[in-house]
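# An overview of the molecular structure
Each chain, written out:
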Amino acid sequence: MKRSIMSVMIIAVMLFVAACGNSGGSIFKDGIEDYISTTYTLYDTVESAEISDRYARIYQAENRDLATVSDELQNHETPDEMSDINDGKQIFIFDNVFVTLTESEDDPDTTLIEVAEEEFARNNYGPSFFEGYLLASLISNIFGNNWYDSRNRQCNLNPERCYGGYNSAGSYVGKNSTPTIRGSSNRGGGIGFGK
């Protein structure tokens, strides 16, 4: 009896130690948000125009082009959906998280990584943000069947409440006029970090 209990305990400890490792098969592997926040430098935040305590977080991958960062993310976790790289932009959808990669306007060897939860994406992005990247039917499945039409009307009435992504022009109300994080050497941070 003692021998079988001891055997079970040894096997349990070995499985636990194996699971805690950094191998790709670890059951304790970080989710994509945690991976991004610990791998890349937090650069800026964008506040939701709808819910003031919700943010999109912008990370910076210095000296890594978009294709390299795209591979790094896919190697960490397979996205549920992803677009092709087009005009220096790529969009991933991971379990209720939208991740957008864009080439930095200041340095083509630097990639900006925008992380937004589904609620932020639904309430802040304009439909044009997804055009040419993700199928309208996919977005409708995620946000609801009438999201495109409803959001288009909202954007036409209040364009300043319609977010086009971090590198986009315009006067989106949630975009920081004086970024609180930009240039920081700090890595990571939660929602609202630096606010």
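Summary of the structure given here.

### Some points on the state of the cysteines
Taken as a whole and judged by the stated rule, the model has one disulfide. Here C155 connects covalently by a disulfide to C162, the sulfurs 1.6 Å from one another. Its S-S torsion of about 45° marks the bond between C155 and C162 as right-handed, since a negative value means left-handed. Residue classification places C162 among the buried residues on the basis of a relative accessible area of 16%.

### Overview of helix α3 (residues 66–76)
Of all the positions in α3, only L66, V69, S70, L73 and H76 are classed as buried. For α3, the angular spread of buried residues about the axis comes to 130°, placing them on one side. The secondary structure elements touched by the buried residues of α3 are α2 (32–39), β2 (55–61), β4 (89–94), β5 (97–103) and β6 (111–117).

### Here's the deal with the sheet that holds β6
The strand order across the open sheet formed by six strands is β1-β2-β6-β5-β4-β3, and the pairing between neighbours is antiparallel. Edge strands, defined here as strands with exactly one partner in the open sheet, are β1 (41–47) and β3 (81–82). Across the sheet, α2 lies against β2, β4, β5 and β6, angled at about 145° from β6, the strand it touches most. Contacting β3, β4 and β5, helix α5 (residues 136–143) runs over the sheet at an angle of about 140° to β5.

Each value, and the rule that gives it
Numbering of residues starts from 1 in every chain and runs along the sequence as written. With pLDDT at 70 or above as the cut-off, local features in this predicted model cover only qualifying residues; side-chain atom pairs require 80 or more to be listed or tallied, and sums for whole chains, interfaces and linings still use all residues. By convention in this description, side-chain values take in all heavy atoms of the structure and omit both hydrogens and water. The criterion for a disulfide is a pair of cysteine sulfur atoms lying within 2.5 Å. Each residue is assigned to one of three classes by its accessible area relative to the maximum for its type, calculated with a 1.4 Å probe on protein chains only: buried under 20%, partly exposed between the two thresholds, exposed over 50%. Segments assigned H or I by DSSP are reported as helices when at least four residues long, segments assigned E as strands when at least two residues long, and all are numbered from the N terminus. Along the arc lie the directions from the helix axis toward the C-beta atoms. What makes two residues a contact is simply this: any of their non-hydrogen atoms within 4.5 Å. Pairing between strands is defined by DSSP: at least two bridges between the two strands are required. Geometry is summarised by axes, namely lines fitted to C-alpha atoms with helices restricted to the contacting stretch, and by angles between N-to-C directions that run from 0 to 180 degrees.

Coordinates in, geometry out; function isn't part of it.
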